Amino acid sequence: MKNGDNGAFSWADILYASEIGLVVDDVAAAAATLTEFAAVAPYKGGDDQFAALGDEYGLLLVMKRGRVIDFTSDPSHGVTVFRTDVTIRGAKTSKYQFADYPYLVGLEERCSCA
């Protein structure tokens, strides 16, 4: 990519993350909330255990608490909740704090700079 920098690497150098996981108890409700708040569309289906929202450049992966994400893991090592802050570029600036989870989803107005 033509965006090299000679300085020290920091979080500000991350252009985008391909996937960010949010672990919840009700996948459908969380996915509906994110779709309404952030205007992110479902990506290739979903079910009561998993929903992907967004596109190839950035996906929010909404997963059921306890879900095992590979076939070699012990079922007791399912996904769990960790504090997560996500910022999405969009048409407006706003924030949404999940009531029962340590998740903050921020919207940042997309720059229309020339």
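Computed from a predicted model, the values in this text were never measured in an experiment. The numbers attached to residues start from 1 for each chain and follow its sequence in the written order. Side-chain atom pairs in this predicted model are given and counted only at pLDDT of 80 or more, local residue features only at pLDDT of at least 70, and totals for whole chains, interfaces and linings cover all residues. Side-chain numbers come from the whole structure's heavy atoms, not from hydrogens or water.

Enquirer: How would you summarise the environment of glutamine 49 if you had to cite specific residues and measurements?
Expert: A helix here means a DSSP run of H or I that spans at least four residues, while a strand means a run of E at least two residues long, and both kinds are numbered starting from the N terminus. The topology assignment puts glutamine 49 in the loop between β2 (42-46) and β3 (50-55). Spatially, the C-alpha atoms of glutamine 49 and valine 81 are 15 Å apart, while their sequence positions differ by 32 residues. In this description, contact between two residues means that some pair of their heavy atoms is separated by no more than 4.5 Å. Apart from residues lying up to four places away in sequence, glutamine 49 is in contact with Val27, Val62, Met63, Lys64 and Arg67.

Enquirer: I'd like to hear about the layout of surface pockets, residue by residue, with values.
Expert: Every definition here rests on a 1 Å grid over the protein atoms only: cavities are sets of points where a 1.4 Å probe fits but cannot get out, pockets are open sets enclosed by protein on both sides within 12 Å along at least five of seven lines, and lining residues have some atom within 4 Å of a point. Grid points are joined across faces, edges and corners, and a volume is the space filled by probe spheres set on the points. Of the volumes computed, that of the largest pocket is approximately 1,100 Å³. Looking at which element gives the most residues to the lining of the largest pocket, the answer is strand β5 (residues 84-90), with 6 residues. Across the lining of the largest pocket, the residue classes tally to 19 nonpolar, 4 polar and 6 charged. Throughout this entry, Asp, Glu, Lys and Arg are counted as charged residues, while Ala, Val, Leu, Ile, Met, Phe, Trp, Tyr, Cys and Pro are counted as nonpolar. The remaining residues, Gly among them, count as polar.

Enquirer: Hey, could you go over helix α1 (residues 27-38) for me, with residue numbers and the actual values?
Expert: To estimate how far a helix should reach, multiply one less than its number of residues by 1.5 Å. With 12 residues, α1 ought to run about 16 Å at 1.5 Å a step, and its terminal C-alpha atoms sit 16 Å apart, in line with that. Only protein chains enter the calculation, and the probe is 1.4 Å; a residue is then buried if its accessible area is under 20% of its type maximum, exposed if over 50%, and partly exposed in between. Here α1 has its buried residues at Val27, Ala30, Ala31, Leu34, Phe37 and Ala38. For α1, the arc enclosing every buried residue in end-on projection is 140 degrees, short of the 170-degree limit, so these residues lie on one face. More than 90 degrees from the buried face of α1, the exposed residues found are Ala28 and Glu36. Note that the arc is defined by the directions from the helix axis to the C-beta atoms.

Enquirer: Explain the environment of glycine 21 to me, using residue names and the numbers behind them.
Expert: Within the secondary structure, glycine 21 is located in strand β1 (residues 19-24). Exposure remark for glycine 21: the relative accessible area of 33% places this residue in the partly exposed category. Not counting the four nearest positions on each side in its chain, glycine 21 is found in contact with Leu61, Met63 and Thr84.

Enquirer: How would you sum up the sheet that holds strand β7 (residues 103-109)? Please name residues and give values.
Expert: The pairing criterion is simple: DSSP has to find at least two bridges between the two strands. The mixed open sheet is built from 3 strands, whose spatial order is β5-β7-β6. Either end of the sheet is taken by a strand with one partner, and the two such strands are β5 and β6 (94-97). The sheet shows a mean angle of 15 degrees between the axes of neighbouring strands, taken without regard to direction. Taken together, the 4 bridges between β6 and β7 define a ladder with antiparallel strand orientation. Each residue of the ladder has a partner; that of glutamine 97, found in β7, is leucine 104. Lines fitted to C-alpha atoms define the axes here, with helix axes fitted over just the stretch in contact, and angles between the N-to-C directions of these axes take values from 0 to 180 degrees.

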